[in-house]
Number of protein chains: 2
Amino acid sequence: MTENAAQVDHRAMANAIRALAMDAVEAAKSGHPGMPMGAADIATVLFTRFLKFDPKAPDWPDRDRFVLSAGHASMLLYSSLYLLGYEAMTIEEIKNFRQLGSHTAGHPEFDLKAGIETTTGPLGQGIATAVGMAMAERHLNATFGDDMVDHFTYVLASDGDLMEGVSHEAVSLAGHLKLDRLIVLYDDNHISIDGPTSLSDSTDTVERFDAAGWQTQRVDGHDPDAIAAAIEAARASDRPSIIACRTIIGYGAPNKQGTSATHGAPLGADEVQAARLGLGWEAPPFEIPSPIRDAWRIAGLRSGKARSAWEKRLAALDHDVRNEFERRMRGELPVDLATAIRSLKETFAADKPEIATRKASELVLGAVNPAVPETIGGSADLTGSNNTRSPDLKDFSAEDYAGRYVHYGVREHGMAAAMNGMALHGGVIPYSGTFLVFSDYCRPSIRLAALMGIRVVHVFTHDSIGLGEDGPTHQPVEHLASLRAIPNLNVFRPADATETAECWQLSLEARNRPSVLALTRQNVPALRTSVADENRCARGAYELAAATGQAKVTLFASGSEVSLAMEARVILERDGIPTRVVSVPSFELFEEQSAEYRRTILDDAPVRVAVEAAIRQGWERFVGRDGGFVGMNGFGASAPYKSLYEHFGITAGAVVAEARRILDSLAPTDEA
Amino acid sequence: MTENAAQVDHRAMANAIRALAMDAVEAAKSGHPGMPMGAADIATVLFTRFLKFDPKAPDWPDRDRFVLSAGHASMLLYSSLYLLGYEAMTIEEIKNFRQLGSHTAGHPEFDLKAGIETTTGPLGQGIATAVGMAMAERHLNATFGDDMVDHFTYVLASDGDLMEGVSHEAVSLAGHLKLDRLIVLYDDNHISIDGPTSLSDSTDTVERFDAAGWQTQRVDGHDPDAIAAAIEAARASDRPSIIACRTIIGYGAPNKQGTSATHGAPLGADEVQAARLGLGWEAPPFEIPSPIRDAWRIAGLRSGKARSAWEKRLAALDHDVRNEFERRMRGELPVDLATAIRSLKETFAADKPEIATRKASELVLGAVNPAVPETIGGSADLTGSNNTRSPDLKDFSAEDYAGRYVHYGVREHGMAAAMNGMALHGGVIPYSGTFLVFSDYCRPSIRLAALMGIRVVHVFTHDSIGLGEDGPTHQPVEHLASLRAIPNLNVFRPADATETAECWQLSLEARNRPSVLALTRQNVPALRTSVADENRCARGAYELAAATGQAKVTLFASGSEVSLAMEARVILERDGIPTRVVSVPSFELFEEQSAEYRRTILDDAPVRVAVEAAIRQGWERFVGRDGGFVGMNGFGASAPYKSLYEHFGITAGAVVAEARRILDSLAPTDEA
């Protein structure tokens, strides 16, 4: 049987991916050749026949998004991007696979210039992130119309991606929202690291996706025309689509293909040689014969016309609409935000509301959402508790993608991952809602947001034992510490309504960083009662109340405990002990202040006591190893919150006692 | 239509649950009446007709397990346990619902005396934990036979449970393992907190479970005979079963039933009154008419005969088998463990192996697993990387439940939750394997293990940038800190093979605590080269190398960085700076030492430097606020690991420089 010319072309092009993957993994002496070789046909069909993109303009807003959910197959992506002509993805980068400073890390790292749309590797994250990209696409389509936003999100996913729990949350959410521009190519190779997937899984994946409302297809993953026909059908579907592509892992490696031996280690020189022979690939390592490279480069230019047409449509837009679209895609905030925050702070200073910071956050959102039309809020089924919905927001749903409020369902992890996808897509700023304790469910996605440096805002309410009766399963005690441990994540814990407004502003302004807002369930008094133009929370920690005279004691506190510190200060000052209170809404921003500023905050008094209804870990950087601490030593309990504060000894009296204890130890003869 | 007597009886018994749930929530002024009222019929059928248990012997090993996955419906469980006659669950406890010190917390807390098999509340955890219980049951059945172990695990789960990602991992694992003794009753009430589930979900749950290999049924959840027939069919199934029970949330509350208004708040006095009227419930609050109470108590005695028969079979067992069964169920270790560890330490002292601690762990398991037959190991599809399989372990599978090695698939969260279930079931000690960075996926289950105080051991390998090329997505930097933040969790990071053996011993001996073993991918030198009978790691931190003369510097380090500290010590001592090295395998155990011991470890030298290839957070308790630290400030990178240690400045030279910098600052005139 003779193959037709188109198929020969396809095969040679796919083999270019296989050859580069083998070569790079051999050179790095580590990596994953199996999936790049097995899924090369899928990638070749997708990239050379369907994907809409322009290597000369990797940030073209209306490009199709491609997510390699199986991040370990990074060489599949790098090879394709190099072959397609992305300037940042040179052959030197391919040769430097997995070396320090390259664009070709072990797992793909978000790098738009090189064509990498998101960081993947932790399984399940890619497909769940892609759901957010597809949500953002539909929302912007509903807002700006087909002329500006009308593209697909493609995902290449592995067995491992689909075994992960987060895939369930993502898949059911996508099915519910009828995200018809989302197409998942499932590399159905029947192999995982431990061996055949039959060791650990018996799921009927097609039936599973069918149950979630997806269009489903099965194809031979080495038959390019079958793959193409399936993609055509998927593009025509009114639901999200999965195409299960039956492939052979390590396709082309004659002795190892079809086994886990090809998954995560170099094939070895002999097997690579044998594979070259079998595939008919005669070029030396890292070299691509020019006819094949040219064919790829021509494919890379396919969407040039589409992009020019899009540019013309953009230029023809109404001036204001165009400005608004471009502002959003640049990620710049509208000037109205500062005005809205300023006005809120004036109201709070005047009204001195004694409200929960979650309620304050709702008031802030009531001002922010109308001023910043790119916010998309939501909650993992705790809307009334998280106070994340402002009155102007309509539901985002399959019936109305213009809506800006997402009912994520009880899917904290899927929510966090989808938010990453929205932020990566651009044009929207996502914020979430759940209880702080459930940040644990979101953690892998929050970490990726921090690693990528993207703007997502997590509203985590019920931030301590202050939530009361729901008990220790719902009471965070270690979560502030464990979130503060994540590099490049802002963790805000505002003390009152004014601080809440300031922290919201900082979160929205932090373009290259995710933020967490830890908010109370219970009411807290107003502490900032005069209007300051300055955003004092931007300092991370600041003196909220000065001592009368030379300070002997500094009380550091965050959130709901700042008011306890203020009460304790009154008692200590009354007893003749000059005491200042430092509010600490953000450890991270404080660390970024000048050494001099930090010194004035930290070292103005010999006695230092920190107060937070959480564990001590991390507070030593304020109070030192032997400083005072009033907080939690273990898990909470189920009871009304006031009883809990008493029971666990987090009271103004305890703060006073702790300060006196240390003062006494410093100057035993001066004090009673 | 007249109802028959049996149905009238059932209805009155179910209404007793409804009445107590309404009353307790009203008294507490908080809680969740909706599901207890909606699922009262299901619970009544299950508890009074099927569940095998004995309120007089809540820890009877062969009892059926019941898991209320929807933990917010805690009053459903508390009411039932009270009505059935558990002595620890008195009417006073019911009246003290959600009050400090009661057995009736907002969400159920593991409390075997009161009949509470596991802590639930964070959604999805219950069903995933139950999978582990069912695995332990089948394993012990295969080991000790039908006479000793032959029971069901029942779960009552809500929409929220099934939306959570971990449910996917649990459900697919259970289906693959054909856990036919697992029966899930799904309270299909179409309501979540934000409103109808149609707001956020369109999944066909029956089809979903079918795809995972489960038996599926649908029934009217208010028809007791239909429920009973479905449970009968489920018990006869050769696969795990789900029964979707269509219910009305808040059943009986005439104005609020069927809406989310009944979910998470008291009904209010008027609605409670109306419900009493509608249900025909005339007794005052917290009172149960004696015929109804008697009917429940009689149901509570149903399994008495079964238990006596079981006791007789136990008594008739071969003496050694009986001793072994009872030892395992008590959770006591065999004496062989100490011998095995001692012998290993001798080998390590003699051989001085330069191996990765993950490899050392494999060698330890090679000795432990034959000596401790109750261990059940496994890995989330990283067996070869985690080194969690010792040669003697056969696969645990649907074909061989006697096997002791579980291929969990790429299901870290499901694995951690299943391990909790195994530990709660008793008779087995589960240990896991995955990369340390993926502890984030397991976190909600690890937290519950710590809260419950149960023995599970997590083997987390690839514990730093030392994993090299896989890059920052796979390199933990904040995970040691964030795990150390969890109360009641032992986090071990051994420095060499001997410490690995000691930390394994401590993990297995910690009956009321989960443990984490953070292990290297890369080789580390042997540091403990003489045999000590004492388990030095039990101190948490200990002096590995003394200073020559009065110490000027203490270097604190853990894991792979202890050898760097030892190298730095040689250089500093050579330069005339007396330096000691303290190895810190466990922060938690160190905190539990006497104040005097801690002082000798911490305060013997004026200069303190900590070394760990992770973030600084937490080390201040050793080195103080201004102490030295050599470690990570942010995320890692993809490169061979030696380049990374150089790149991030984690070297013996850097430790020396840091020590000298601090020494200089203390005595500027003494040093160059």
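Treat the numbers as computed from the prediction; the structure is a model and nothing was measured.

Cut-offs used in this document
- Residues numbered from 1 in each chain as written.
- Chains lettered and ligands numbered in written order.
- Predicted model: local features only at pLDDT ≥ 70, side-chain atom pairs only at ≥ 80, totals over all residues.
- Heavy atoms only, no water.
- Helix = DSSP H or I, 4+ residues; strand = E, 2+ residues; numbered from the N terminus.
- Rg over C-alpha atoms; globule rule 2.2 N^0.38 Å.
- Areas by Shrake-Rupley, 256 points an atom, 1.4 Å probe, with all protein chains shown as cover.
- UniProt positions renumbered as here; feature names shortened; annotations may be inferred.
- Buried < 20%, exposed > 50% of the residue type's maximum accessible area, 1.4 Å probe, protein only.
- Contact = heavy atoms within 4.5 Å.
- Least-squares fit on C-alpha atoms with pLDDT ≥ 70 in both.
- Buried area = accessible area lost by both parts, 1.4 Å probe.
- Salt bridge = Lys/Arg side-chain N within 4 Å of Asp/Glu carboxyl O.
- Polar contact = N/O pair within 3.5 Å; in protein donor to acceptor, adjacent residues only side chain to side chain.
- Pairing = 2+ DSSP bridges.
- Phe/Tyr/Trp six-rings, centres within 6.5 Å; stacked < 30°, edge-to-face > 60°.
- Lys NZ or Arg CZ within 6 Å of the ring centre and 35° of its normal.
- Axes fitted to C-alpha atoms, helices over the stretch in contact; angles between N-to-C directions.

(A) Geometry of the overall build of chain A. In terms of helices and strands, chain A carries 27 helices and 20 strands. Taken over C-alpha atoms, the radius of gyration comes to 28 Å for chain A, in line with the 26 Å a tight globule of 672 residues would show. Over its C-alpha atoms, taken along the principal directions, chain A stretches across nearly 100 × 55 × 45 Å. By element, 49% of the accessible surface of chain A is carried by carbon and sulfur atoms, the whole surface being about 20900 Å².

(B) Main features of the UniProt feature "binding site: thiamine diphosphate" (unreviewed entry) in chain A. Under the feature "binding site: thiamine diphosphate" (unreviewed entry), the UniProt entry names A:His72, A:Gly121, A:Pro122, A:Leu123, A:Gly160, A:Asn189, A:His263 and A:Phe438. Spatial dispersion of the annotated residues is evident: they stretch over 367 residues in sequence, and the largest pairwise C-alpha distance comes to 34.2 Å. Locating A:Gly160 in the fold gives a position in helix H7 (residues 159-163). The exposure class of A:Gly160 is buried, given its relative accessible area of 8%. When sequence neighbours within four positions are dropped, the list of residues in contact with A:Gly160 reads A:Leu123 and B:Val410. Position of A:Phe438 relative to the elements: it lies in the loop between strand E11 (429-435) and helix H19 (439-452). According to the relative accessible area criterion, A:Phe438 is buried, its value standing at 7%.

(C) View of the relation of the copies chain A and chain B. The transform that puts chain A on chain B rotates by 180° and translates by 0.0 Å along the axis, for an RMSD of 0.0 Å. Classification of the inter-copy transformation places it as that of a two-fold axis. Looking at chain A, 99% of its interface residues are interface residues in chain B too, so the copies touch through the same face.

(D) Fine view of the interface of chain A and chain B. With 100 residues of chain A in contact, the opposing surface of chain B contributes 99 residues. Here chain A packs against chain B, burying approximately 8100 Å² in sum over the two surfaces, 54% of which is carbon and sulfur. Joining chain A to chain B, the criterion identifies ten salt bridges. The partner of B:Glu478 in a salt bridge is A:Arg447, and the shortest N-O contact between them spans 2.7 Å. Counting the contacts that link chain A with chain B gives 58 residue pairs in polar contact (both at pLDDT 80 or more).

(E) Summary view of the pairing of strand E11 (residues 429-435) of chain B. Residue and element names in this part refer to chain B. Burial analysis of E11 places seven of its seven residues in the buried class, the great majority of the element. When strand E9 (residues 375-379) meets E11, the two strands line up parallel, connected through two bridges. Each bridged residue has a counterpart across the sheet, and for Thr375 the counterpart in E11 is Ile429.

(F) Structural view of the environment of A:Gly85. Relative to the helices and strands, A:Gly85 resides in the loop between helix H4 (74-84) and helix H5 (91-95). What A:Gly85 contacts, discounting residues up to four positions off in sequence, is A:Pro55, A:Lys56 and A:Arg297.

(G) Molecular detail of the pattern of salt bridges. In the structure shown here, the tally under the stated rule is 94 salt bridges over all chains. Across the pair A:Asp603 and B:Arg625 runs a salt bridge, and its minimum N-O distance is 2.8 Å. Taken together, the residues span two chains, with A:Asp603 in the loop between helix H24 (595-602) and strand E19 (607-611) and B:Arg625 in the loop between helix H25 (620-623) and strand E20 (628-630). Bridged by salt links that share partners, the residues A:Glu137, A:Arg138, A:Asp150, A:Asp180 and A:Arg181 form one connected network.

(H) Structural detail: the packing of aromatic side chains. With the rule as written, the count across this model stands at 38 aromatic pairs over all chains. Measuring from centroid to centroid gives 6.0 Å for B:Phe435 and B:Phe438, while their planes differ by 20°, and the two rings are stacked. By way of ring pairs, the aromatic residues A:Phe556, A:Phe587, A:Phe590, A:Tyr597, A:Trp619 and A:Phe622 are connected into one cluster. Over the ring of A:Tyr82 we find A:Arg297; its NZ or CZ atom is 5.4 Å from the centre of that ring.

(I) Representation of the sheet that holds strand E18 (residues 579-583) of chain A in the model. Residue and element names in this part refer to chain A. The mixed open sheet is built from five strands, whose spatial order is E16-E18-E17-E19-E20. In this open sheet, the two strands that pair with only one neighbour each are strand E16 (542-545) and strand E20 (628-630). Along the sheet, successive strands turn relative to each other by an average axial angle of 30°, direction set aside. In this structure, E16 lies alongside E18, joined through three bridges in antiparallel fashion. Paired with Ala545 across the bridge in E18 is Val581.

(J) Structural detail: the UniProt feature "binding site: substrate" (unreviewed entry) in chain A. The positions that UniProt labels "binding site: substrate" (unreviewed entry) are, in the present scheme, A:His32, A:His263, A:Arg358, A:Ser385, A:His462, A:Asp470, A:His474 and A:Arg521. These annotated residues cover 490 residues of sequence, and their C-alpha atoms reach 48.2 Å apart at the extremes, leaving them scattered rather than at a single site. Mapping A:His32 onto the fold places it in the loop between helix H1 (5-28) and helix H2 (34-38). Those residues in contact with A:His32 that lie beyond four places of it in its chain are A:Val25, A:His72, A:Arg98, A:His107, A:His263, A:Gly264 and B:Asp470. Inspection of the secondary structure puts A:His474 in the loop between strand E12 (457-461) and helix H20 (479-484). Here A:His474 falls in the buried class, since its relative accessible area comes to 5%.

(K) Main features of unusual backbone geometry. All names here are of chain A. Residues other than glycine seldom take positive phi values, yet Asp381 does so here, at roughly 65°. The topology assignment puts Asp381 in the loop between strand E9 (375-379) and helix H17 (383-386). Positive phi, close to 60°, is recorded for His462, a residue that is not glycine. Topologically, His462 is positioned in the loop between E12 and H20. Under the relative-accessibility criterion, His462 is labelled buried at 4%.

(L) Looking closely at the side chain of A:Thr375. Residue and element names in this part refer to chain A. You can see Thr375 is positioned in strand E9. Residue classification places Thr375 among the buried positions, given a relative accessible area of 1%. Within the local environment of Thr375, its side chain forms a polar contact with the backbone oxygen of Val372, the two atoms lying 3.2 Å apart. If near-sequence neighbours (up to four positions away) are discounted, Thr375 is found in contact with Val368, Asn369, Arg404, Ile429 and Tyr431.

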